[in-house]
Amino acid sequence: MRVTINGELRDVPSGLLLADLIAQHTDIRSGVAVAVDGEVVPRTGWSAYVLEDGAVIEILTAVQGG
Amino acid sequence: MAETFTIGDRSYASRLIMGTGGAPSIEILREALIASGTRLTTVAMRRVAAGTRGSILDLLAELEIDVLPNTAGCLTAGDAVLTARLAREALGTSWVKLEVIADERTLLPDPIELLDAARTLVDDGFTVLPYTNDDPVLARKLEDVGCAAVMPLGAPIGSGLGIRNPHNIELIAEAARVPVILDAGIGSASDAALAMELGCAGVLLASAVTRSQQPALMAAAMRDAVAAGYACRAAGRIPVRRFALASSPSRDESPAF
């Protein structure tokens, strides 16, 4: 299936868990937040969240700014 | 400073809020933050690039400076609300510097989207500090929907143009029941002092320090300017006169010691 991660289309195995996708994308654990289809998914929900085809995932962290 | 600087349920010893954008290195930023004396500092929320490593949060934690996430780059209320919620999840703070800009060229706030986002975030339990235009009416409306402060711009972000409409900043400060923080446009120490003399409760700046030739030295200058401007306002300046008023008497009128 195809999902969009931070604006980029990616092919991933169907039924992929959000927690596994995040682990593939970054080593950062603190100061990171994730939204799927425009809704924040709390950290405690990552390991049980099964991604669906077409999901739009945003993974954000704090950087210098403002 | 006689009175502490209180926003929402927190009080700060410094009236200078710093931004972290534009610093040439994390070490220079570190020195500047220390020199500024700030206790509250903004960060931006951005997509994690593969291989990104966290460092700004570690620095703020080390310096025991509270983190204020912003929604920089958001063009709609919806984007800003989602970014604020992601920041709350990522950083564990319900404080947000709310920015909803109208376009990339001016970076001026979009008042309609800003007010909409402010209302939504206040209802969601956020402590909202909106970056706003120097418009007294919009400032009042932001206060009315429950913002914890209002942060009018002096001039466009990063422009260093100073305070283009001091009269409006004074009007906003006079009417507000929440702290008014001059945000954006500061170029020099005199701009920061003027903001405080106009009645602002604090100043937020980044580029004026981080993009200066010597950031730590400029940070110290801004710290002193904010303190001087605040003290000047509290002390009550002399009225402006058209003609001279001699400070040396024509005969001895000194009170007896």
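Novice: Explain the overall build of chain A residue by residue, including any values.
Specialist: Counting its regular elements, chain A contains 1 helix and 5 strands. In chain A, the succession of α and β elements from N to C terminus is β-β-α-β-β-β. Its C-alpha atoms give chain A a radius of gyration of 12 Å, within 12% of the compact-globule value 11 Å for 66 residues. Along the longest, intermediate and shortest principal axes, the C-alpha atoms of chain A span 35 × 25 × 20 Å.

Novice: Quick one: what's the story with the interface of chain A and chain B, residue by residue and with numbers?
Specialist: Contacts between the two partners involve 21 residues from chain A and, on the opposite side, 28 residues from chain B. Of all the elements in the fold, those that place two or more residues in the side of chain A that touches chain B are β3 (32-36) and β5 (56-64) of chain A. Among the elements that take part in the side of chain A that touches chain B, β5(A) stands out by supplying 7 residues, more than any other. Judged from the 5 bridges that link them, β5(A) and strand β4 (residues 40-47) of chain B form a sheet pairing that is antiparallel. What sits directly across from Thr61(A), in β4(B), is Arg46(B).

Novice: Explain the nonpolar core residue by residue, including any values.
Specialist: One recurring pattern in soluble globular proteins is that nonpolar side chains are buried together. Residue and element names in this part refer to chain B. Core analysis: the largest hydrophobic core is formed by 102 residues, its most contacted members being Leu-98, Cys-200, Val-203 and Met-222. For this core, the leading source of residues is helix α3 (residues 77-91), giving 9 residues. Once residues lying within four places of it in the same chain are set aside, the contact partners of Cys-200 are Ile-169, Ala-173, Val-180, Ile-181, Leu-182 and Ala-195.

Novice: So, helix α7 (residues 189-197) of chain B: which residues are in play, and what are the values?
Specialist: Each turn of an α-helix holds 3.6 residues, which means side chains three or four residues apart point in the same direction. All names here are of chain B. Within α7 the residues assigned to the buried category are Asp-191, Ala-192, Ala-193, Leu-194, Ala-195 and Met-196. Buried positions along α7 lie against α6 (166-175), β9 (181-183), β10 (202-205) and α9 (215-235). Immediately downstream of α7, the backbone of Gly-199 shows phi near 110°, a positive value.

So, how was this worked out
- Think of each chain on its own: its residues are numbered from 1, step by step along the sequence as written.
- Starting at A for chains and at 1 for ligands, labels are handed out in the order in which the entities are written.
- Local features are withheld for residues below a pLDDT of 70 in this predicted model, meaning they are given only at 70 or higher, and side-chain atom pairs are given and counted only at 80 or more; totals for whole chains, interfaces and linings count all residues.
- Helix and strand assignments follow DSSP, with helices taken as H or I runs no shorter than four residues and strands as E runs no shorter than two, numbered in order from the N terminus.
- For the radius of gyration, the atom set is restricted to C-alpha positions; the globular benchmark scales as 2.2 Å times the number of residues to the power 0.38.
- A residue pair is marked as a contact if its C-beta atoms, positioned from the backbone, fall within 7 Å.
- In this scheme, strands are said to pair when DSSP sees at least two bridges between them.
- Take the buried Ala, Val, Leu, Ile, Met, Phe, Trp, Tyr and Cys residues, join any whose C-beta atoms are within 7 Å, and the set you get is a nonpolar core.
- To sort residues by exposure, count the other C-beta atoms lying within 10 Å of each residue's C-beta; 20 or more gives buried, 12 or fewer gives exposed, and values between give partly exposed, all with C-beta atoms placed from the backbone.

The quantities given are spatial measurements derived from coordinates; they are silent on function.
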